[in-house]
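Next come the chains, spelled out residue by residue.
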Amino acid sequence: MKIYFHLNTGGICNSYVVVNEETHEALIVDPGNLNPMMINQIEDNHYKLTGVLITHNHPSHTNGLKTLMKIYSPKIYSSDWEIFDFTTTVITGEGKVRVAGMTVNYYAVPGHTSDSIVFKIGNVLFTGDSLSAGKFGTTNSSYARHLLKSNLEEKILSQQENTVILPGHGPPSSIGAELNFNIHL
C-alpha cells in the first residue's frame, strides 16, 4: 500500500490517495478539493480509481466529488445516503468492505457529526475530524462530546499503539502518541 497526502487549502483539510501497488487500483479518502496533482498521480501511474471513502459529509471534505465524478466512476462509501446528489454505498456501525483490492475496516464514531466514520486500511486509521494530533473533534453539545469520547476510547484508542492516524486536519499521529499526550483524553 502506498499513501499520497494532499492538502486542500480551501478548507485546510487533508485528502489521501491510497494505492494498492499489486493491482494498481486506488481510492481517495475525503476528496475536499480535487487538484491537478491528484489527477496526475492517478493518470501518470495508470491507477484505476475504484473508491472514495468519506469520513463525514462536510463540504471541506467532499467538494472534490463534483469534479471527481465527472472524470471517474468510483463507488462512494459513506454513512450518508447521498452527497451532492451522488448516491453512496451506505455503511453504518462496524464492518469491512473490499475497495481497490484492499480490506477496509470501518467504525462509526458519531459525535463530531452523526455520520462520522473512521476507516482502517492495514495499520493506518483515516480519522476525519473525529481524532487529530492532540485533540478530538468539535461537538455541539456535552452529550455529543461524551458520545465521541466514548466511541474513540472503545473503537479507536483500543487499537495497537503503533497504529498510524491520518486525520482530516493537521499532522499524522499514532494511537500511542494520543494515549500519552492527548489532553482531551
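This text gives an overview of the structure that appears in the document. (Residues numbered from 1 in each chain as written. Predicted model: local features only at pLDDT ≥ 70, side-chain atom pairs only at ≥ 80, totals over all residues. Heavy atoms only, no water.)

With that out of the way, let us pick up the nonpolar core. Of all hydrophobic cores here, the largest spans 19 residues; its most connected members are Leu27, Leu53 and Phe126. The set of elements that each furnish at least two residues to this core consists of β2 (13-20), β3 (25-29), β9 (94-99), β10 (102-108), β11 (117-121) and β12 (124-128). Val19, Ala26, Leu34 and Ile76 belong to the second-largest nonpolar core, a separate cluster that totals 17 residues. (Core = buried A, V, L, I, M, F, W, Y, C linked by side-chain atoms within 4.5 Å. Buried < 20%, exposed > 50% of the residue type's maximum accessible area, 1.4 Å probe, protein only. Helix = DSSP H or I, 4+ residues; strand = E, 2+ residues; numbered from the N terminus.)

The next point concerns the sheet that holds strand β4 (residues 48-53). Strand pairing in a sheet is mediated by backbone hydrogen bonds. Such pairs are either parallel or antiparallel. Spatially, β1-β2-β3-β4-β5-β8 is the arrangement adopted by the six strands of the open sheet, whose pairing is mixed. Across the chains shown, the open sheet's two edge strands, defined by having one partner strand only, are β1 (2-8) and β8 (89-90). As paired strands, β1 and β2 are joined by seven bridges and run antiparallel to one another. Counterpart to phenylalanine 5 in the pairing with β2 is tyrosine 16. (Pairing = 2+ DSSP bridges.)

Attention shifts here to the pattern of salt bridges. Per the stated rule, a full pass over the model turns up two salt bridges. For glutamate 21, the salt bridge goes to lysine 2, with nearest N and O atoms at 3.9 Å. On the criterion of sequence distance, the pair formed by glutamate 21 in the loop between β2 and β3 and lysine 2 in strand β1 is long-range, its members being 19 residues apart. Its relative accessible area of 32% is what places lysine 2 among the partly exposed residues. (Salt bridge = Lys/Arg side-chain N within 4 Å of Asp/Glu carboxyl O.)

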